[in-house]
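Structural overview
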Amino acid sequence: MAAAAGNQGAVGQQYTTNPPRELPKRRGTELGLLAFAAVIVTTAFVLVQINQEQALSWSILSYGGAYLAIFAAAHLAVRWWAPYADPLILPCVALLNGLGLVIIYRIDLAQAERAASLGQDFGGSAPRQVMYTVAALVLFLAVLRLIKDHRTLTSYAYTAGLVGLFLLAIPAVLPTSMSEVNGAKVWIRTPFFSIQPGEFAKILLMIFFASFLVAKRDLFMTAGKRILGVELPRARDLGPIIIAAVACLGILVFQRDLGTALLFFGITLMMLYVATERFIWVAVGLSMFFAGAVVAYQLFTHFQQRVVNWMDPLSTYDDPGGGYQIAQGLFGLGTGGMFGTGLGSGRPEMVPEAHTDFITAALGEEIGFVGLACVLLLYLILSMRGMRSALAVRDTFGKLLGGGLAFAITLQVFVIVGGITNLIPMTGITTPFLSAGGSSLLANYILVALLLRISDTARRPQQSKSRGPAAPQKPLAPIAEAHTVMVQRPSGVAVEGAPAPAPQQAPPAPSPAPAQQPPQPPSAQPPAKPSAPPQQAQTPQKQPQSPPPPSDSEKQAGEKQGGDEPAWPTDEDAPQTRPKGDDTP
């Protein structure tokens, strides 16, 4: 039954008079975008081979086949375990990961040629990157399979917080030989493997902060003293900010890692602002961070060196730990120009650590400003789709966690690209999905799996619940759109054309109507005396005055009644929906 124009109950009518529509899962859209990403990555591999080696080799088939198998398995997992997830998140990740694999393979070819000219052996980073991607896919599948509802993570919030702080503290207490790489103590190095625990700690701490802010939101909403027209937070509510600031200062002091400290503190401030919607928390947090940065600059020489390299990298170009790396990256970006030198035609191997920290400089040299801008737009789309899923999910914990996960990607890209372009001081973090390295790839695939789980919950239609006294009540359709309702006549009422009831000594007292019984319609006849024949019961002389029709307020109250009670029928519907003499319930 179509709703009338301007009917305010048209939205609710769809779920009361018509069956609900099935929302599209959009897995076909995801599959098409994954195929498009595979075409781009395969074309990039071919261009690298042709420009670098002037021939095609069978290695392209091995890398291309591994890429297709990895993301085909990821697509099937999403189709089975998160069918309503956002269809753009996984294709963006696949394209970024594929482009990273292409540029790592391209740098390997250049370094292998240089090693061959020097008579040295070179293993390459691209095969290890494929192995890391397979391991990341295993974790991705495990998260999607085991975490069927993101809200279950709230039960382990404090455990996640303790484990996260423990992972942050481990490299600081280990010997330098087991934890330091390029001046930063952020690793756990063993003869068999190396891992950067801070990548996993950020996800665990986001789970803790999201759960903590949901439980203690009212405390942070309470304003303290007003100074210069600004309501400051109460001193006893500054605990999370102080803990985050102390942790970041500890990272700066003991691990000499500015990037992790900035990333961790920025995520904390963002989640606090989303939970409270008070900018004063951001102002207080940034003030504390800048104060700590000034203190760190005065105390630590490596921090002073980073700032000097940022101010003028050419002045410290030849100094140990100076601006050589930043200057080489800027030269590469300048060489690329607007459209780049072409994949396989540049010299990205001239930049130290081009396959990890400075991989965006290598991309900018070979695909130019336009290509690098497209890569940054991919990160923007990925973050925006994550934010959209966070806004659409119904629970507050999911909103905070999804927003924190999406913001972590954006902030990490800003920190590393800002350092490479000399916008901010250089930090030692990796570019998500592009840089070579296992820890970053594993942690970011866990992050993507959580985002897909939140988006699946946000887009999944609500399940219809069983009827019963405890079931939620559905909104009724408007009175004019209501279905026909057969109202049962009370016992002892004479019916026209039916034999008269047996005479009784006294008329039976009418039984009180149950609480859930709807009111009688205005067209129903009142009960007549049992001793009177049916003809007398229908005469106007014996008929009492009929009750007045319900007012508009009574009709509106009848529409708002819960449960499965019918709406009050109208006078116009009575003759058509209830034939004369048909009183069968």
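Reading the values: rules and limits
Residues numbered from 1 in each chain as written. Predicted model: local features only at pLDDT ≥ 70, side-chain atom pairs only at ≥ 80, totals over all residues. Heavy atoms only, no water. Helix = DSSP H or I, 4+ residues; strand = E, 2+ residues; numbered from the N terminus. Contact = heavy atoms within 4.5 Å. Areas by Shrake-Rupley, 256 points an atom, 1.4 Å probe, with all protein chains shown as cover. Buried < 20%, exposed > 50% of the residue type's maximum accessible area, 1.4 Å probe, protein only. Core = buried A, V, L, I, M, F, W, Y, C linked by side-chain atoms within 4.5 Å. Expected span 1.5 Å × (residues − 1). Phe/Tyr/Trp six-rings, centres within 6.5 Å; stacked < 30°, edge-to-face > 60°. Axes fitted to C-alpha atoms, helices over the stretch in contact; angles between N-to-C directions. Parallel < 35°, antiparallel > 145°, perpendicular 65-115°, else oblique. Nonpolar A, V, L, I, M, F, W, Y, C, P; charged D, E, K, R; others polar. Patch = residues over 30% accessible without salt bridge, like charges linked within 9 Å, V, L, I, M, F, W, Y side chains within 5 Å. Salt bridge = Lys/Arg side-chain N within 4 Å of Asp/Glu carboxyl O.

Turning next to the overall build of the protein. From N to C terminus, the protein includes 20 helices and six strands. When contacts within the protein are restricted to residue pairs at least 6 apart in sequence, long-range pairs at least 24 apart make up 73% of them. By element, 63% of the accessible surface of the protein is carried by carbon and sulfur atoms, the whole surface being about 30,600 Å².

Moving on: unusual backbone geometry. For residues other than glycine, phi is negative in most cases, and the peptide bonds are mostly trans. Of note in the backbone geometry, Arg26 takes a positive phi value of approximately 65° without being a glycine. Among the structural elements, Arg26 can be located in the loop between helix 1 (10-13) and helix 2 (27-53). Looking at Arg26, the relative accessible area reads 39%, which means it is partly exposed. Phi is positive for Glu277, close to 60°, though the residue is something other than glycine. Here Glu277 is to be found in the loop between helix 11 (258-276) and helix 12 (279-299). By relative accessible area, which is 64% here, Glu277 ends up exposed.

Ranked by internal contacts, the top residues of the largest apolar core, which has 119 residues, are Phe140, Met271 and Leu401. Broken down by element, this core gets its largest block of residues, 15 residues, from helix 4 (residues 89-117). Residue contacts for Phe140: discarding those within four places in its chain leaves Ala74, Val78, Leu90, Tyr445, Val448, Ala449 and Leu452. With six residues, the next largest nonpolar core counts Leu258, Phe300, Phe303 and Val307 among its residues.

This part covers helix 14 (residues 324-336). Between its first and last C-alpha, helix 14 extends 19 Å over 13 residues, near the 18 Å set by a 1.5 Å rise per residue. Residues of helix 14 that are buried: Ile326, Ala327, Gln328, Gly329, Gly332 and Gly336. Contacts from the buried residues of helix 14 go to helix 13 (301-311) and helix 15 (359-392).

Inspection of the secondary structure puts Gly342 in the loop between helix 14 and helix 15. Note: C-alpha distance between Gly342 and Ile367 (25 residues apart in sequence) is 5.8 Å.

Further remarks concern the side chain of Lys202. You can see Lys202 is positioned in helix 8 (residues 198-215). When its relative accessible area of 8% is taken as the criterion, Lys202 is described as buried. If we skip the residues at most four places from it in the chain, Lys202 touches Leu263, Gln412 and Asn444.

What follows covers helix 4. In a regular helix each residue adds 1.5 Å, so 29 residues correspond to 42 Å; helix 4 covers 43 Å between its end C-alpha atoms and thus fits that length. Buried residues dominate helix 4, accounting for 23 of its 29 residues. Remark: Gly119 follows helix 4 within two positions and exhibits a positive phi of approximately 75°.

Moving on, we come to the environment of Ile50. Mapped onto the elements, Ile50 comes out in helix 2. What makes Ile50 partly exposed here is its relative accessible area of 37%. Taking the C-alpha atoms as reference points, Ile50 and Leu343, 293 residues apart in sequence, are found 9.3 Å from one another. Apart from residues no more than four positions distant in its own chain, Ile50 is found in contact with Ala55 and Leu56.

Another point: the packing of aromatic side chains. What describes a pair of aromatic rings is the distance from one ring centre to the other and the angle between the planes of the rings. Per the stated rule, a full pass over the model turns up 11 aromatic pairs. Ring geometry for Phe208 and Phe209: centres 5.4 Å apart, planes at 65°, overall edge-to-face. Residue class for Phe208 comes out buried when judged on its relative accessible area of 18%. A relative accessible area of 8% places Phe209 in the buried class.

A word on the packing of helix 2 against helix 4. Two elements in contact, helix 2 and helix 4, have axes whose closest approach is 9 Å; the angle formed by their N-to-C orientations is 10°. Judged on the interaxial angle alone, helix 4 and helix 2 are roughly parallel. For the contact of helix 2 with helix 4, the residue count by class is 18 nonpolar, three polar and four charged.

Turning our eyes to something else, we now look at a nonpolar patch on the surface. Taken together, the side chains of Met338, Phe339, Phe369 and Val370 make up a nonpolar region of the molecular surface, amounting to roughly 450 Å² of accessible area. Inspection of the secondary structure assignment puts Val370 in helix 15.

The next subject is the pattern of salt bridges. Applying the stated criterion to the full structure yields eight salt bridges. Close ionic contact of Arg27 with Glu30 constitutes a salt bridge, the shortest N to O distance being 3.0 Å. With a gap of three residues between them, Arg27 and Glu30 both fall in helix 2, about one helical turn apart. Across the pair, exposure class does not vary: Arg27 and Glu30 are buried alike. Between Arg347 and Glu349 there is a salt bridge, with the nearest N and O atoms lying 2.7 Å from each other.

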